[in-house]
Each structure stands twice: as C-alpha cells, then as structure tokens.
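Listed below are the residues making up each chain.
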Amino acid sequence: MAEIDARIRRIIADVMRRNPGETEFHQAVTEVTETLAPVLRKYPQYAEHKIIERICEPERQIIFRVPWQDDRGEVHINRGFRVGFNSALGPYKGGLRFHPSVNLGIVKFLGFEQTFKNAITGMPIGGAKGGADFDPKGKSDDEVMRFCQSFMTELYRHLGEFTDVPAGDIGVGQREIGYLFGQYKRITNRYESGVLTGKSPKWGGSLVRKEATGYGVVYFVEEMLKVRGDSVQGKTCIVSGSGNVAIYAMEKLQQLGAKVVACSDSNGVIYDPRGIRLETVKRIKEVERRRISAYAEEHPEAEYRAGGNIWTIPCEVALPCATQNELDEASVRTLLANGCLAVAEGANMPTTPGGVRALLEAGAAYGPGKAANAGGVATSALEMQQNASRDAWTFEYTEQRLREIMQKIHHDCYATAEEFGCPGNYVVGANILGFLRVAEAMVAFGLI
Ligand code: NDP
Ligand code: 2IT
C-alpha cells in the first residue's frame, strides 16, 4: 500500500523534474495520478509495465515557427505547437488553441487531459492538443487567414485522417478551421475531409458539432442531478465565458427550462436578472466579434461589472466555460455559501485543486471537464464517422447520438467511482475509467 503511494509520489516528482516550469502540466498530471493508487493495487501489471510513467510522456511534440504578415505588411513571428500525447486508442485527436498565453506547458496539460477524455467517450480517438501564441483578437479576416495558412504550411506534414485530426479550441472556430482546411487541401492535393473536425456543415462538417460541447455539459449536469432526484428545470445558473462552449451551454440550459443570469469574458461580467438574451450574445460574439460589455449597452436592465468575479452571483448551477484555473477555492466557497448544488466544467481544468477539494468535501455534484465537456470531441468523432462514410446526418439524429454518449459517459464514470470505493466522486470515476481504457490498449500493443 505504502509502496504504491510512494511510487505515485515518485512519478509526480519525476514529471516535475523533467518538465521544469510547466505548472499547468504538473497540475494536470498530479490531479490524475493521485487518484490512480487503487488501480495499481487491483492491476499490479500496470505498475510492472510502467503505464503511468509512459502515459505522462507525450509520444511526440512538435514546435515550429509561424511567420506571417499583417495588413500593413509588417512581419510577425509566432510559435506553433502540436503535441501527440497518446495514440493507443486511435489517431491523435484534440483541438488547436490560438491565444497569447499558449506555451508548451499549456499544450501538454491539454493533451494529457484529452487522452483521458477521449478514452472516456468510448470512441476510437487518441489524445493530442496544439495551437499557437497568436492573438486573434482585433485581427482582420485576412490576417487570420494568412496566419492559418502559415501555421498549416508546417503542420500539414504531421496530420492525416489516420494520423492526427485537429479541431477548434479557444480562438479557433469554424472560420479558422476553414482557412486551415483550405491550405491543407491545397498543399497536399487531397480533399481529405476527415483531417480536421469542426468544419462548416456546408463542406463536410457535422451538424451539432458547434453546439456539442455546451449541450453536452448540460446533459452531463442533467444526469448528475437525476441521480439526486433533481433536474436543471427552474434552476438559476451562471456560465463563465461567452465563447463557443458558454453560448451553447446557455442555449441548452434555457431549452431545458433553467434561467441563466450571468456570463462573462476576460474583461468583465454581465449580470441580467431577467435571464440572458442569447440572441444578443450570439450576435455580439459570433457575428460582430465584440466584447460582452456591448450586451449592457443594448439591455439597460443588465449590469456590466468590469473586472468582476462571476462566482459571487448566487446560483444553483455554475458552469465554468472559459479557461483553466478560473475557479479557485475562495470562489467555490462563495458559490457553496450561496446555495450552489452543481458545478460542471465546460472548460478544461477550470477549477483549481483547492476548489476541487472544497466541492468534493461539500458533497456538491461536480463534473470534471474530462467527462463533462467530452461531448465536443465525441461529436468530432461522429464527424469523422460521417466523413469516412461520405454521409451527413440530420441535426436531430446527431443530437440524439450526443445525448446518448453523454448519458453513457455519466453512467460509466459513476459506475467506476462506485467500483473503486468512491461513490459519487466523478473525479475518481473519470480518471480511472480513462486510464484503464488507455492502459489496456497499451499493454496489448507491447512496449510502445
Ligand atoms: P472561445 O474562444 O470560443 O471562447 C473562450 C471564452 O473564454 C471567451 O469568452 C474568452 O474571453 C474566455 N477566456 C479565454 N481565455 C481567458 C482567460 N485567460 N481569462 C478569462 N477568460 C478567458 O473558446 P471555447 O468556448 O471553445 O473554449 C472555452 C473552454 O472550453 C476552453 O477551456 C476550452 O479548452 C474548452 N473546451 C472547448 C471545446 C470546444 O469544442 N470548443 C471542447 C472542450 C473543452 P475573451 O474573449 O475575453 O478572451
Ligand atoms: O478540449 C476539447 O475537447 C476540444 N477542444 C475539442 C477537441 C476536438 O477534437 O473536437
């Protein structure tokens, strides 16, 4: 017993020593590995095969220069990344993030999480992540296009429908996927639809992919509440962020009869006690690409709190859908004190370790990102399936598939947590479920 705990502590210490300064990667590895001791006790062969040690080391890491010119002709240099973390269960799969904060440690934390998330979906996809420290804010369409073309001019050689299939993440949506796909097609001489997901449904994208992450988070919340004899109907909710995941989480909450009173961006918070008007948010963010503060200019009943903390707004359901470490322990305590019952993560690793501990200790329904936000990548896998069969499914059919996938993810995480002696703890359930699926394939494939 003590030997296994010591082994896990040693693995974490080794990861920190070998990856200096990559704090988010250290955090993600620690959060997962510290829940795996019961697995090594039950399956000592995974210790013998050093599966945890191998899973913590990415299979490949690509870093490249991305030069591009702005509209005035000035040259800019960014750094591009793609980390293929684990391909035991399928081709590398995971989003691309364009944000000034992107560095190798961020991409590795995301790729590590993605490996477990993708395994949890039960679909044939490995884990990867990529991106660049490029800031799309304030850039023209032409500038974004030139950046995407330059980015793909290096990345294309590492991709392929059976090798690595990127998609969107922060700062990368349908517009960027279009430019990336166009450049891939041009330089490879192949109309390889399955090489990228999140495409427009007009040229090979799946219906519901745009909505999938946000809808999926809400389906996951619905399942967590069902176990407790409750539902989201009539609940007061807050959703951080106002990007792709946040918008469609709000949409599904509203469809299911909940009231969403707040959302945000990195500059401030919108509080609308009547309920957020989603048509306005969609227009401001998706069409006009403006800041969320513009909402209050159109709706004087709403309040804009510049630099505000969204978590101080009382609610029963809180969905962090912006970025990593946006919900800390103090904010979790505020949420709980205000009567919050459920937190599900639309973003990747939005809750700090102290915040997670506080939620678990309080017995709140807490859905960690690698389970709760897996609907996005699962629908990407459905897009790959449609592309492979040159088919396009209806919105209703695809949404039904997404819903069933989220129900199964919830069921499998719940059952795994119970099996390993932690009923109701979705952190334990998700980590162990994802680990076991990857570990089994890795052992079957020999020393890889
Ligand atoms: P978008 O770029 O569409 O939106 C991101 C939102 O989060 C914006 O409102 C943005 O505000 C806010 N945000 C981003 N960075 C920060 C920051 N450093 N501090 C405060 N706010 C920030 O991205 P997505 O909606 O696609 O992604 C949101 C989260 O969901 C990410 O964690 C992503 O990894 C995760 N996710 C996304 C999936 C997808 O399918 N897109 C799937 C699964 C998870 P601002 O405009 O001010 O920057
Ligand atoms: O974090 C994620 O799961 C995503 N950004 C989506 C990845 C994908 O391949 O659809």
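Quick note: structure is the one above.
Analysis parameters
- Residues numbered from 1 in each chain as written.
- Chains lettered and ligands numbered in written order.
- Predicted model: local features only at pLDDT ≥ 70, side-chain atom pairs only at ≥ 80, totals over all residues.
- Heavy atoms only, no water.
- Buried < 20%, exposed > 50% of the residue type's maximum accessible area, 1.4 Å probe, protein only.
- Helix = DSSP H or I, 4+ residues; strand = E, 2+ residues; numbered from the N terminus.
- Pairing = 2+ DSSP bridges.
- Right-handed = clockwise from strand over helix to strand, strands pointing away.
- Contact = heavy atoms within 4.5 Å.
- Polar contact = N/O pair within 3.5 Å; in protein donor to acceptor, adjacent residues only side chain to side chain.
- Axes fitted to C-alpha atoms, helices over the stretch in contact; angles between N-to-C directions.
- Parallel < 35°, antiparallel > 145°, perpendicular 65-115°, else oblique.
- Left-handed = near helix turned anticlockwise from the far one by under 90°.
- Nonpolar A, V, L, I, M, F, W, Y, C, P; charged D, E, K, R; others polar.

We now examine the pairing of strand S7 (residues 259-265). Of all 7 residues making up S7, 6 are buried, and the element is well covered by its neighbours. Where strand S6 (residues 236-240) meets S7, 3 bridges bridge the pair, whose relative direction is parallel. Bridge pairing in S7 links Ile238 to Ala262. For the crossover from S6 across helix H10 (residues 244-255) to S7, the handedness is right-handed. As paired strands, S7 and strand S8 (residues 268-271) are joined by 4 bridges and run antiparallel to one another. Residue pairing across strands places Cys263 opposite Ile270, the latter belonging to S8. Between S7 and S8, which pair antiparallel and follow one another directly, the connecting turn spans 2 residues.

On to the environment of Glu192, then. Among the secondary structure elements, Glu192 is positioned in the loop between helix H8 (174-188) and helix H9 (209-227). Taking C-alpha positions, Glu192 is 9.6 Å from Ala388, a pair spaced 196 residues apart along the chain. Discounting residues that sit within four places of it in the chain, Glu192 has contacts with Gly160, Glu161, Phe181 and Tyr184.

The backbone phi angle of Lys50 is positive, close to 50°, even though this residue is not glycine. Tracing the backbone through its elements, the reader meets Lys50 in the loop between helix H4 (44-48) and helix H5 (51-55). Residue classification places Lys50 among the partly exposed residues on the basis of a relative accessible area of 47%. For Val208, which is not glycine, the phi dihedral falls at a positive 80°. Here Val208 lies in the loop between H8 and H9. By relative accessible area, which is 1% here, Val208 ends up buried.

Further remarks concern the side chain of Thr35. Of note, Thr35 is situated in the loop between helix H2 (23-33) and helix H3 (37-42). A polar contact is formed between the side chain of Thr35 and the backbone oxygen of Val32, at a distance of 2.6 Å. Polar contacts involving the side chain of Thr35 include one to the side chain of Asn431, which spans 3.1 Å. Once residues within four sequence positions are removed from consideration, Thr35 is found in contact with Val427, Val428, Asn431 and Ile432.

Before going further, it helps to spend a moment on the packing of H10 against helix H11 (residues 278-287). Between H10 and H11, whose axes approach to 11 Å, the crossing angle comes to 165°. Relative to H11, the element H10 is oriented roughly antiparallel. Of the two elements, H10 crosses H11, and the hand of that crossing is left-handed. Contact residues: Ile247, Tyr248, Met250, Glu251 and Gln254 in H10; Leu278, Val281, Lys282, Lys285 and Glu286 in H11. Across the contact of H10 with H11, the residue classes tally to 5 nonpolar, 1 polar and 4 charged.

Take it as geometry only, folks, not as evidence of what the structure does.
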